[in-house]
Amino acid sequence: MVSKLTIIRIGHPSLRARSVRVLKSDLKNTEFQKFLDNLASICVNNDGAGIAAPQVGVNKRVIVVHVDPTNPRYPHKKAFPLTIVLNPKIISRSKKMKDDWEGDLSSNIRAVVPRPIKCVVQGINREGQIVRYDLDNDFHARVFQHEIDHLNGIFLLDKVKRKETITEYKEWKKYWKGKKI
Ligand SMILES: [Zn+2]
């Protein structure tokens, strides 16, 4: 397992692969547990609202979510504590959808992506216990869905309907920030 992690960029085949499930034996492996800590750190250090293991080239079903209202990339969002979920699965989602901006640590791109505003995610934690998240906050639901997509090789651009909103971050700040979408 990689100890010093690097975020890979869009175009890297790992971002397009389907990731494998985490096994009970992985949980007992100290290297794997260390990897989980490193993945959480790299998310926080890069101001991510979340990260998925494939983004560091590890195709295992692991996601990290961390919404911090002081994060400059996603200001004023409702806080969601630093959370690691293994083998996460969306077990239900709302019919109601919402358009909102998404970005990604593997590219400079932002775009408006429609997503269900609520969802329920089930998985296991790093101790192997079943965890379940009823995500009523649309941004929290969005981040979980975005990260779980990574485990299936899906990138945010695949879900963009309004192609004209695809923008690099610098241009987003200049032309789109604060604009009603
Ligand atoms: Zn992403």
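Coordinates for the structure precede this section.
Residues numbered from 1 in each chain as written. Predicted model: local features only at pLDDT ≥ 70, side-chain atom pairs only at ≥ 80, totals over all residues.

Focus on the overall build of the protein chain
The test is simple: A run of H or I in DSSP counts as a helix once it spans at least four residues, and a run of E counts as a strand once it spans at least two, with each numbered from the N terminus. Between the two quantities, the radius of gyration covers C-alpha atoms and the globule rule is 2.2 Å times the number of residues to the power 0.38. In this scheme the burial state of a residue depends on its C-beta neighbours within 10 Å: 20 or more other such atoms mean buried, 12 or fewer mean exposed, and anything in between means partly exposed; the C-beta positions come from the backbone. It is the C-beta atoms, placed from the backbone, that decide contacts: two residues are in contact if theirs lie within 7 Å.
A tally of helices and strands in the protein chain yields 4 helices and 8 strands. By the compact-globule yardstick of 16 Å for 181 residues, the protein chain fits well, its C-alpha radius of gyration being 16 Å. Principal-axis analysis of the C-alpha atoms gives the protein chain an extent of 50 × 30 × 30 Å. Of all 181 residues assigned to the protein chain, the portion counted as buried reaches 31%. Taking as baseline every contact in the protein chain between residues at least 6 positions apart, the subset at least 24 positions apart corresponds to 65%.

Re the sheet that holds strand β5 (residues 109-116)
To keep things clear, this is the line we draw: Think of it this way: DSSP has to see at least two bridges between two strands before they count as a pair.
In spatial order, the strands read β4-β5-β8; together these 3 strands make up an open sheet with antiparallel pairing. A single partner strand is all that each edge strand has here, and the edge strands are β4 (97-102) and β8 (167-168).

Topic: the sheet that holds strand β6 (residues 119-124)
Worth spelling out the cut-off: Here an axis means a line fitted to C-alpha atoms, over the contact stretch when the element is a helix, while the angle between two N-to-C directions is reported on a 0 to 180 degree scale.
An order of β1-β2-β3-β6-β7 is seen for the 5 strands of this open sheet, with the pairing classed as antiparallel. Edge positions in the sheet fall to β1 (50-52) and β7 (130-135), since each of these pairs with one other strand and no more. Taking the axes of each pair of neighbouring strands and ignoring which way they run, one obtains an average angle of 40° across the sheet. In terms of strand pairing, β1 meets strand β2 (residues 62-67) through 3 bridges, oriented antiparallel. When the bridges of β2 are listed, Ile51 appears paired with Val64. On top of the sheet, helix α2 (residues 30-45) reaches β1, β2 and β3 (80-93); it is set at about 40° to β2, its chief contact. With respect to the sheet, helix α3 (residues 138-151) is in contact with β1, β2, β3, β6 and β7, its orientation differing from that of β2 by roughly 155°.

What about the pairing of β7?
As judged from the 6 bridges shared by β6 and β7, these two strands associate in the antiparallel manner. Each residue of the ladder has a partner; that of Gly123, found in β7, is Val131. In textbook terms, the turn of a hairpin is the stretch between consecutive antiparallel strands, and for β6 and β7 this stretch comprises 5 residues, one of which, Gly128, has a positive phi near 95°.

Remarks on the environment of His66
Structurally, the position occupied by His66 is in strand β2. Residues His66 and His76, 10 residues apart in the sequence, show an inter-C-alpha distance of 13 Å. Leaving out residues up to four positions away in the same chain, His66 has contacts with Cys43, Val44, Ala49, Gly50, Phe80 and Leu82.

Observations concerning the nonpolar core
Keep this limit in mind: By convention in this section, buried Ala, Val, Leu, Ile, Met, Phe, Trp, Tyr and Cys residues joined through C-beta atoms within 7 Å make up a nonpolar core.
Leu39, Val62, Ile63, Val64, Val65 and Phe144 are the most contacted members of the largest nonpolar core, which has 27 residues in total. Listed by contribution, the elements that provide at least two residues to this core are α2, β1, β2, β3, β6 and α3. Residues within four places of Leu39 in sequence aside, it is in contact with Leu5, Ile51, Ala53, Val56, Val62 and Val64.

Thoughts on α3
Where we set the bar: Multiplying 1.5 Å by the residue count of a helix minus one yields the expected span of that helix.
Over its 14 residues, α3 runs 20 Å from end to end, which matches the ideal 20 Å to within 8%, given 1.5 Å per residue. Counting buried residues along α3, 12 of its 14 residues qualify, which places the element largely inside the surrounding structure. If you check which residues of α3 are buried, you get Asp138, His140, Ala141, Arg142, Val143, Phe144, Gln145, His146, Glu147, Ile148, His150 and Leu151. Count one or two residues on from α3 and you reach Gly153, which has phi positive near 75°.

The values are spatial; any link to function lies outside them.
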